2 protein chains.
Amino acid sequence: MLPTFSALAEPNRLRIIELLREGPRPVGEIAARLRLRQPQVSKHLRVLSAAGLVEVHPAAQQRIYQLRAAQFQALDDWLAAYRQFKEASYDRLEEHLNVLQAMEKQDGRPD
Amino acid sequence: MLPTFSALAEPNRLRIIELLREGPRPVGEIAARLRLRQPQVSKHLRVLSAAGLVEVHPAAQQRIYQLRAAQFQALDDWLAAYRQFKEASYDRLEEHLNVLQAMEKQDGRPD
DNA sequence: ATAGAATATTCTTGTCAAGGAATATATATT
DNA sequence: AATATATATTCCTTGACAAGAATATTCTAT
């Protein structure tokens, strides 16, 4: 999941992703819409590809980029693990503290 | 959403988040479990706080950090916009291309 | 008040990655 | 073959940021 977050952590890359939500687009279009230079767009798309967030389909000289559902699904799966905890377990904080202190006793500091 | 992605793009911060999935933890615990130095953990937690991903609850000298549901919900909302497209609209690629070319004609290059 | 424990902050240094500019590659058209 | 169009790659410079080391801050206990 780290490559995904890294890829999305760059402002222009995030803009590209949000643009592609409209549908597949060739590099030139992306550059024009976002007022970016073509080489930078190509570089960003490279990173996004490596992260599995987009995929390419050549069409003549153009390269059409589009979002890759699988990776968004993966993100969704990762997020799923966080839909449970539902915090507000603030009440159980004391409880946690006791547990932690108990652990420290038997642990010693590792190292 | 960018601050969230930026925050999660750092390996150790991502580890912290995944550790906190187990429940609230004081700084020292986090440092010990992840084999990190305390100051770095404090710094990372600062970033995570700023991104709204965690929240603090002081308890004596300790600061108990825990995940902040609201931000994960926000991420979920953002992701929701991507659950639709479902790609495989690869079939409709030609269609898209035609549209795009039509657009180019009337557009001219902006700038 | 003093000492100890837990955490935060500051300063410095090294690394990595994004942008700019130039150029290379691929495909189409004549 | 020559030229045009679309995209990719390379090299360079600069800025941001993470780690390390030292120190400051906050709270507790005696």
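Counting restarts for each chain: residues are numbered from 1 in the order of the written sequence. Just so you know, chain letters begin at A and ligand numbers begin at 1, following the order they were written in. pLDDT decides what is reported in this predicted model: residues at 70 or higher carry local features, side-chain atom pairs at 80 or more are listed and counted, and totals for whole chains, interfaces and linings draw on all residues regardless. The basis for every side-chain value is the complete set of non-hydrogen atoms in the structure, without hydrogens or water.

Q: A description of the sheet that holds strand β3 (residues 62-67) of chain B should follow, citing residues and the corresponding values.
A: Residues and elements named next belong to chain B. One requirement defines pairing of two strands: DSSP has to find at least two bridges between them. Helix and strand definitions follow DSSP, with helices as H or I runs of at least four residues and strands as E runs of at least two, each counted in order from the N terminus. Taken in spatial order, the three strands make up an open sheet running β1-β3-β2, and their pairing is antiparallel. The sheet terminates laterally at β1 (25-26) and β2 (54-59), the two strands that pair on one side only. The pairing of β2 with β3 spans six bridges and is classified as antiparallel. Its bridge partner lying in β3, E55 is registered against Q66.

Q: Could you give an account of the protein's contact with DNA strand C, naming the residues involved and the relevant values?
A: The environment of DNA strand C is made up of 22 residues, and the closest members are A:N12, A:K43, B:Q38, B:S42 and B:Y65. Each atom of DNA strand C within 4 Å of the protein was classed as base or backbone; sugar and phosphate made up 63%. What qualifies as a polar contact is a pair of N or O atoms within 3.5 Å, subject to a donor-acceptor requirement within protein and to the restriction that residues adjacent in sequence count only when both atoms come from side chains. Between A:N12 and DNA strand C, the recorded distance is 2.7 Å, taken from a side-chain N or O atom to a phosphate oxygen. Going through the elements one at a time, α2 (11-20) and α4 (38-50) of chain A together with α3 (27-34), α4 (38-50) and β3 of chain B are the ones with two or more residues in the surface near DNA strand C. Split by residue class, the surface near DNA strand C holds six nonpolar, nine polar and seven charged. The near set for a molecule or strand comprises every residue that places at least one heavy atom within 4 Å of it. Classification convention: Asp, Glu, Lys, Arg as charged; Ala, Val, Leu, Ile, Met, Phe, Trp, Tyr, Cys, Pro as nonpolar; all other residues, Gly among them, as polar.

Q: I'd like to hear about the confidence of the model for chain A, residue by residue, with values.
A: All names here are of chain A. Confidence in the prediction of chain A, expressed as mean pLDDT, is 84, and 76% of residues score 70 or more. For every residue, the predictor reports its confidence as pLDDT, a number between 0 and 100. The contact definition used throughout considers only heavy atoms, calling two residues in contact when any of these lie within 4.5 Å. Scored below 50 in pLDDT, residues 90-95 shows four contacts in the model against residues more than four places distant or in partner chains. Segment residues 97-111: pLDDT under 50, and eleven contacts once partners within four positions in sequence are set aside and those in other chains are kept.

Q: Any chance you could break down the sheet that holds strand β1 (residues 25-26) of chain A for me, citing the residues and the numbers?
A: All names here are of chain A. As summarised here, the arrangement of the three strands in space is β1-β3-β2, forming an open sheet in which the pairing is antiparallel. Of all strands in the sheet, those with a lone pairing partner are β1 and β2 (54-59), marking the two edges. Across two bridges, the pairing between β1 and strand β3 (residues 62-67) is antiparallel. Bridging across to β3, R25 finds its partner in Y65.

Q: Just give me the short version of the protein's contact with DNA strand D, but keep the residues and values in it.
A: By nearness alone, 22 residues border DNA strand D, and A:Q38, A:S42, A:Y65, B:N12 and B:K43 come closest of all. Within the side chain of A:S42, an N or O atom sits 2.6 Å from a phosphate oxygen of DNA strand D. Among the elements of the structure, α3 (27-34), α4 and β3 of chain A together with α2 (11-20) and α4 of chain B are those that each provide at least two residues to the surface near DNA strand D. Among the elements that take part in the surface near DNA strand D, α4(A) stands out by supplying five residues, more than any other. For the surface near DNA strand D, a count of residues per class yields six nonpolar, nine polar and seven charged.

Q: How would you summarise the side chain of A:H44 if you had to cite specific residues and measurements?
A: All names here are of chain A. Relative to the elements of secondary structure, H44 occurs in helix α4. Judged by relative accessible area, H44 falls into the buried class, the value being 14%. Excluding residues within four positions of it along the chain, H44 makes contact with E10, N12, R13 and I16. Between buried and exposed lies partly exposed: a residue is buried under 20% and exposed over 50% of the maximum accessible area for its type, with that area taken using a 1.4 Å probe on protein chains only.

Q: Which residues make up the packing of aromatic side chains, and what are the values?
A: Centres within 6.5 Å are what make two rings of Phe, Tyr or Trp a pair, Trp counting through its six-membered ring; a difference in plane orientation under 30 degrees is then read as stacked, over 60 as edge-to-face, and the rest as tilted. Inspection of every chain in the model, using the stated rule, returns seven aromatic pairs over all chains. On the numbers, 5.1 Å between centres and 70° between planes, the contact of A:F5 with A:W78 is edge-to-face. On the criterion of sequence distance, the pair formed by A:F5 in helix α1 (residues 2-8) and A:W78 in helix α5 (residues 69-80) is long-range, its members being 73 residues apart. Following the ring pairs from residue to residue traces out a cluster consisting of A:F5, A:F72, A:W78, A:Y82, B:F5, B:F72, B:W78 and B:Y82.

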